[in-house]
Amino acid sequence: SELLASYLVSQSAVPCVLIVCVLFQEAKCGYVIILMALFWCMEVLPLGVTALFPVVLFPLMNIMDSTKVCMEYLKDSNMLFLGGLMVAIAVEHWNLHKRIALRVLLIVGVRPALLIMGFMSVTAFLSMWISNTATTAMMIPIAQAVLDQLPACATLLLFLPLHPDNRHVLTVEEEEKLEDVKQLEEKHLTFCKGMSLSVCYAASIGGIATLTGIVVVTSVYTSRLFPTNNNVVNFASWFMFAFPTMLLLLALSWIWLQMFLGFDFRKNLGFGANASMKAKQKMAYRIIKDEHKKLGSMRFAEIAVTVLFLILVVLWFTRDPGFIPGWATNVFNKNGESYVTDATVVMFISLLMFLIPSEIPTYLYSTKQIPVLPALLDWKTVNQKMPWNIVILLGGGFALAKGSEESGLSEWLGSKLTPLQNMSSPIIVLLLCLLVATFTECTSNVATTTLFLPILAAMAQTICLNPLYVMLPCTLSASLAFMLPVATPPNAIAFSYGQLKVIDMVSTGSVLNILGVLTIMLAINTWGYPLFDLNHFPVWANSTSTQHLETKSLRC
């Protein structure tokens, strides 16, 4: 069936659908994944259209019921995505993003490398505490606003020569000296791609530093599979292990982006700048400052959106921090299970934006007829600016993940790990990290860890290897989803702004995946060893709990 499936990929789609129906469920799902991956990479159809393939193919191939497939297209993560973009649309609608962008430019400067470094640092820090999707939804509009200001205010001044008499006017002679004006546009487009990639990558990287989100799966499975582990994976131990890993990977990703984008390190960091270059930078800074002054003082609508934005961040931070009880821990829950998620919070703030007026109501201090004031956000604006195709794209990714689970493809891939038992421990971990990093490109991070961790724990027990030596690096590798827009919501958000192509993400993300795996290998084999005592097979790993026996029997 494997040989036949690989043959079918090279044939036309319609005959393949008819022939593949005779194959096993795993092969059918694998065919759909390969077909969609090819269509996404080659952009044969619009990405959103390709994402609808599971709605047709999964029911026809008896992989999933149509009702179950369609439910995957509007899950909690999609609502979080929608709510985050609604807040971003409100910020953009009232021009608050331009004010923030100009302020960022005044603080960081106009050198591309420093701009990318600044945005990556802020995004990674926010992603440590709130969801990667929410962080990206907040930061991408700000980054795009900065990029909107650069062509008019700074980019041309950085690349063009100064006029000796009038520094604000370029003469015809100077314009004629430019060999190709398109090179400037290409440089700016390349910089736009780098900025978008830097934000979505930093969001995924920053999320690994704290015991939230996907990392919680490791803690849960460690406690469930090994009840006597004495809470070996807690917030403090994980932070000491993952935070240095995050910093190192963030620095490597920044360096790689500079190399990929073809930037000159010395020039962009300001080293070795001559008097002419310094004058250009001062002029660009002065123009940006003038643009910022033109905005004037903040209006009521801007203040209201800013306050709601800050409330959103605070609610996200304090909902369930992990190391201390959050507000959702004690309220809005039943039997210890919280009913509130990040999507609930952002939708609450979004609804408020539809209700709060954009001006101070005059009837509060006037006896005249009550006027109808526009709200901070209206549906017409949302409908025009919302990238609905990306919502469908995310749903397609969730449908693929669910189809892999229902068809048994995920379990089949996991069962192929058995031959690794005959290899040395570092080689086992390296191969598993590469496998997980590849697998997470077409399935959700949580689904990947949920699939692999029980299998990896059972395998580690079989060969008398500390289970954490395998489980921790593979958990980190599940966050290395850098290659496809559908791989993770931050990638989809960055892709929705239109500057990136699939090939840009594939070419950049493939190298970053390798750098990530090597960084994780360095971490687990250096400071990870003393932190988790990985040199010894722990006593708690000899547990023969019911959960462990069930997991082991499923694997066999």
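Relevant structure appears above.
So, a few notes on the structure that sits alongside this text.

Cut-offs used in this document
Residues numbered from 1 in each chain as written. Predicted model: local features only at pLDDT ≥ 70, side-chain atom pairs only at ≥ 80, totals over all residues. Heavy atoms only, no water. Helix = DSSP H or I, 4+ residues; strand = E, 2+ residues; numbered from the N terminus. Expected span 1.5 Å × (residues − 1). Buried < 20%, exposed > 50% of the residue type's maximum accessible area, 1.4 Å probe, protein only. Polar contact = N/O pair within 3.5 Å; in protein donor to acceptor, adjacent residues only side chain to side chain. Axes fitted to C-alpha atoms, helices over the stretch in contact; angles between N-to-C directions. Parallel < 35°, antiparallel > 145°, perpendicular 65-115°, else oblique. Left-handed = near helix turned anticlockwise from the far one by under 90°. Contact = heavy atoms within 4.5 Å. Nonpolar A, V, L, I, M, F, W, Y, C, P; charged D, E, K, R; others polar. Salt bridge = Lys/Arg side-chain N within 4 Å of Asp/Glu carboxyl O. Patch = residues over 30% accessible without salt bridge, like charges linked within 9 Å, V, L, I, M, F, W, Y side chains within 5 Å. Areas by Shrake-Rupley, 256 points an atom, 1.4 Å probe, with all protein chains shown as cover. Phe/Tyr/Trp six-rings, centres within 6.5 Å; stacked < 30°, edge-to-face > 60°.

1. Focus: helix α17 (residues 300-319)
Side chains three or four residues apart in an α-helix point the same way, a direct result of the helix having 3.6 residues per turn.
Here's step 1: Its 20 residues place the ends of α17 28 Å apart at the C-alpha level, agreeing with the 28 Å of an ideal helix rising 1.5 Å per residue.
Here's step 2: Residues of α17 that are buried include every one of Ala 301, Glu 302, Ala 304, Val 305, Leu 308, Leu 312, Val 313, Trp 316 and Arg 319, and no others.

2. With respect to helix α25 (residues 467-477)
Here's step 1: Most of α25 sits out of view: eleven of its eleven residues are buried.
Here's step 2: Of all the positions in α25, only Pro 467, Leu 468, Tyr 469, Val 470, Met 471, Leu 472, Pro 473, Cys 474, Thr 475, Leu 476 and Ser 477 are classed as buried.
Here's step 3: Regarding α25, its N-cap is Asn 466, as a side-chain oxygen of that residue lies 3.0 Å from the backbone nitrogen of Leu 468 further along.

3. Considerations on the packing of helix α7 (residues 76-93) against helix α21 (residues 388-407)
Here's step 1: Running from N to C, α7 and α21 point in directions that differ by 160°, and their axes come no closer than 10 Å. With respect to α21, the element α7 is oriented roughly antiparallel. In this structure, α7 crosses over α21, and the sense of that crossing is right-handed. Here Ser 77, Asn 78, Phe 81 and Leu 82 of α7 come into contact with α21, specifically with Trp 388, Ile 390, Val 391, Leu 394, Gly 395 and Phe 398.
Here's step 2: Residues of the contact of α7 with α21, tallied by class, amount to seven nonpolar, three polar and no charged.

4. Thoughts on the environment of Thr 318
Here's step 1: Turning to its location among the elements, Thr 318 is positioned in helix α17.
Here's step 2: C-alpha separation for the pair Thr 318 and Ala 328, spaced ten residues apart in sequence, amounts to 8.2 Å.
Here's step 3: Once you skip the residues sitting within four places of it in the chain, Thr 318 turns out to touch Gly 326 and Trp 327.

5. Some words on the pattern of salt bridges
Here's step 1: Under the counting rule described, the total for this entry stands at three salt bridges.
Here's step 2: Here Asp 504 and Lys 193 are joined by a salt bridge, their closest N and O atoms 3.2 Å apart. Here the residue Asp 504 occupies a position in helix α27 (residues 502-524), and Lys 193 occupies one in helix α12 (residues 182-206), the gap between them amounting to 311 residues.
Here's step 3: Put simply, Glu 302 and Arg 299 hold a salt bridge, and the shortest N to O gap is 3.3 Å.
Here's step 4: Given a relative accessible area of 3%, Glu 302 falls into the buried group.

6. Thoughts on a nonpolar patch on the surface
Here's step 1: On the surface, a cluster of nonpolar side chains totalling about 490 Å² of accessible area is made up of Ile 34, Leu 38, Met 42, Val 44, Leu 45 and Val 49.
Here's step 2: When residues in the nonpolar patch are grouped by element, the largest group, three residues, is from helix α3 (residues 25-42).
Here's step 3: What makes Met 42 exposed here is its relative accessible area of 60%.

7. Some words on the packing of aromatic side chains
Here's step 1: For the structure on display, the rule yields seven aromatic pairs.
Here's step 2: Their ring planes at 70° and their centres at 5.8 Å tell us that Trp 238 and Phe 241 sit as a pair that is edge-to-face. Placement of both Trp 238 and Phe 241 in helix α14 (residues 235-261) is noted, with a separation of three residues, approximately one turn of the helix. By the burial criterion, Trp 238 is buried, and Phe 241 matches it.
Here's step 3: Look at Tyr 469 and Tyr 529: their rings are 5.7 Å apart centre to centre, the planes differ by 65°, and that puts the pair in the edge-to-face class. Of this pair, Tyr 469 sits in helix α25 while Tyr 529 sits in helix α28 (residues 528-532), placing them 60 residues apart in sequence.
Here's step 4: What makes Tyr 469 buried here is its relative accessible area of 1%.
Here's step 5: You can call Tyr 529 partly exposed: its relative accessible area is 22%.
Here's step 6: Chaining the aromatic ring pairs together yields one cluster made of Trp 238, Phe 241 and Phe 532.

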